[in-house]
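# Examination of the molecular architecture
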Amino acid sequence: MKTKEGLFQLASHGSTMKGEVLAGSIGFFTIVYIVVINALILAEAGIPFEGAVFATILASFVGCLVMAFWANAPILIVPGMGINAMFTYTLVESMGFHWQEALAVVLVSGFAFMLIAFSSLAQRLNEAIPASLKEAISVGLGLFLMLIGLEKGGLVVRGSDAIIALGDLSDLKVVATILTLLFTLLLFLRGVRGDFLWSILFGTGLAFAFGILPQVEPSRLNLTPYGEVFGHFTFDQIAQFPFWVAVFSMTMVLVFENLGLVQSHVSMAKQPEKYRKSLQATAVATFTSGLLGTSPTVATVESTAAIAAGGRTGLTALTTGILFLASIPLIPYMKWIPDSAIAPILIVIGSLMVQNIRHIQLHDLTEAFPAIFIIVMIPFTYSIANGIAIGFIMYPILKLVNGKGNEVSMPLYVVSSLFLLNFVLQYI
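Structure report, in brief.

Rules used throughout
Residues numbered from 1 in each chain as written. Predicted model: local features only at pLDDT ≥ 70, side-chain atom pairs only at ≥ 80, totals over all residues. Heavy atoms only, no water. Core = buried A, V, L, I, M, F, W, Y, C linked by side-chain atoms within 4.5 Å. Buried < 20%, exposed > 50% of the residue type's maximum accessible area, 1.4 Å probe, protein only. Helix = DSSP H or I, 4+ residues; strand = E, 2+ residues; numbered from the N terminus. Contact = heavy atoms within 4.5 Å. Axes fitted to C-alpha atoms, helices over the stretch in contact; angles between N-to-C directions. Parallel < 35°, antiparallel > 145°, perpendicular 65-115°, else oblique. Left-handed = near helix turned anticlockwise from the far one by under 90°. Phe/Tyr/Trp six-rings, centres within 6.5 Å; stacked < 30°, edge-to-face > 60°. Lys NZ or Arg CZ within 6 Å of the ring centre and 35° of its normal. 1 Å grid on protein atoms, 1.4 Å probe; cavity = no way out; pocket = protein on both sides within 12 Å on 5 of 7 lines; lining within 4 Å. Points joined across faces, edges and corners; volume = space filled by probe spheres on them. Nonpolar A, V, L, I, M, F, W, Y, C, P; charged D, E, K, R; others polar. Salt bridge = Lys/Arg side-chain N within 4 Å of Asp/Glu carboxyl O.

Grouped burial of nonpolar side chains is what soluble globular proteins tend to show. The biggest cluster of nonpolar side chains holds 122 residues, and the ones touching the most others in it are F87 and F392. In terms of residue count, the dominant contributor to this core is helix α10 (residues 241-268) (13 residues). Ignoring sequence-local partners within four residues, the contact set of F392 consists of I129, L133, I137, M252, I374, L412, V415, S416 and F419.

It is at 11 Å that the axes of helix α7 (residues 131-152) and helix α16 (residues 384-401) come closest, and there the two elements cross at 150°. With respect to their mutual orientation, α7 and α16 come out roughly antiparallel. The interaxial crossing formed by α7 with α16 has right-handed handedness. Where α7 abuts α16, its residues S132, L133, I137, L141 and F144 lie against I384, I388, G391, F392 and Y395.

Among the secondary structure elements, N84 is positioned in helix α4 (residues 83-92). Residue class for N84 comes out buried when judged on its relative accessible area of 0%.

Using the criterion set out here, one finds 11 aromatic pairs in the structure. Note on F54 and Y226: the rings are 4.8 Å apart at their centroids and 75° apart in plane angle, and the pair reads as edge-to-face. Residue F54 is located in helix α3 (residues 49-71), and its partner Y226 is located in the loop between α9 (195-210) and α10; the two are separated by 172 residues in the primary sequence. Using a relative accessible area of 8% as the deciding quantity, one classes Y226 as buried. Judged by centre distance (6.5 Å) and plane angle (80°), the rings of F97 and F243 are edge-to-face. Linking F97 in the loop between α4 and α5 (99-117) with F243 in helix α10, this pair joins segments that are 146 residues apart in sequence. The burial state of F97 is the same as that of F243; both residues are buried. Aromatic ring contacts, followed pair by pair, group F54, Y226 and F230 into a single cluster. The cationic tip of K277 hangs over the ring face of W70; the distance from NZ or CZ to the ring centre is 4.5 Å.

Excluding glycine, most residues fall at negative phi; most peptide bonds, likewise, are trans. A positive phi angle, near 50°, is found at Q9, a position not held by glycine. Structurally, the position occupied by Q9 is in the segment before α1 (17-31). A positive phi angle is found at K270, which is not glycine, with a value near 60°. Topologically, K270 is positioned in the loop between α10 and α11 (275-292). Under the relative-accessibility criterion, K270 is labelled exposed at 70%.

Taken as a whole, the largest pocket spans an internal volume of roughly 1,300 Å³. If you go around the largest pocket, you meet 48 residues; those closest to its centre are S138, L261, V301, M353 and N356. Those elements that place two or more of their residues in the lining of the largest pocket are α1, α2 (33-43), β1 (77-79), α7, α9, α10, α12 (303-308) and α14 (339-354). Here the lining of the largest pocket is composed, by residue class, of 26 nonpolar, 15 polar and seven charged. The calculated volume of the second largest pocket comes to roughly 510 Å³. Looking at the second largest pocket, it is lined by 14 residues, and the ones nearest its centre are L147, E151, I163, I164 and P379. Of all the secondary-structure elements, those providing two or more residues to the lining of the second largest pocket are α7, β2 (156-158) and α15 (365-380). Among the elements that make up the lining of the second largest pocket, the one with the highest residue count is α7 (five residues).

Next up on the list: the side chain of T300. Assignment of secondary structure puts T300 in the loop between β4 (297-299) and α12. Taking relative accessible area as the criterion, T300 reaches 5% and is therefore assigned buried. Excluding residues that lie within four positions of it along the chain, T300 makes contacts with I31, L76, V78 and H265.

Attention shifts here to the pattern of salt bridges. This structure, assessed with the given rule, holds five salt bridges. Between D364 and K404 there is a salt bridge; the shortest N-O distance is 3.7 Å. With D364 in the loop between α14 and α15 and K404 in the loop between α16 and α17 (410-426), this pair connects stretches of sequence that are 40 residues apart. Classification of K404 by relative accessible area gives partly exposed; the value is 26%. In this structure, E407 and K399 form a salt bridge, with 2.7 Å as the shortest nitrogen-oxygen distance. The exposure class of K399 is buried, given its relative accessible area of 0%. The network of salt bridges with common partners includes D364, E367, K399, K404 and E407.

Here you go:
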């Protein structure tokens, strides 16, 4: 709400316009890598690359604006890593949806997330699902991202005597990936601002030196492909049970991931009173991402860079959003970025997500086994939805046979039954 001190209430937050703009700029250079990576992952689902780039930029711009003006919080909203992998590798490649149908799943999931965020359901659902399962989803997503990164970089390949095998270490693409990964880790461990952006630039330069850049014809900025993406969702599968399984799985990931992220960000900014509106802004942005033609947005973990740099209000998010919009002229040059420059970032981000395994109660086997199966089955089945389903089915069963059925909430019994029903219907 606008007051005498201005729209973003800088004075009462102990901040200045210069400080907020600087924090937003730092946040942008920390997260701008998402434009290329998200577009490349969406392109594997069949979305035109240029259209995916523009959709990613617009979704980030709109998301940051919603966060700025609704919650006045320094939280950055961009398409999320892990959830974009779910879009491409689970919904499209594993479950067989066309990307237009997958966008419809995003739209419905975003709407469901909005209903939850604007009601008391968010807190109730958060309490109904065990912490071990929520943490396991994050760890499983991390391993999935690592596997994708290793594949893209050529470090692992399909094996002749095994499912996967070590790649050819003499291949220049693999060498470039390894060197870029070492460079990325060095920057990350030293806390260099914009580490992933510098990593992409280094990896691209190295690929150029090795002569392995993608063969792309120079072109001018052309936004025509976006016309094939914007609003091109379709509800052809809405009457089919798998559609609602996909919606449910994606909603689960969105809700639990963002509950944790938003809580972490407002706590770091020492603004717990902004939690509810920040979660609502995140949900609205997620819904719009389906309209704009990209996988769901999240309250990205890179928001911590902007907050650590002094961001305290929505002006930080607004600055980042405007910078995303200003990056549109660079779209024609983004095709030059090779897989060897992208793979290390996927590996590092996945590694960070895997660290959440320390929060799982591994001493209690009725908690540990379902969590471990989620973690393992997500990458092994190449399906986030299947991995989640297996863990959620196993949890109440193990609790019941060990006389701990009273530890399982009724909503979880319902959720587990629905997942089990889906598997039964698939094989009848």
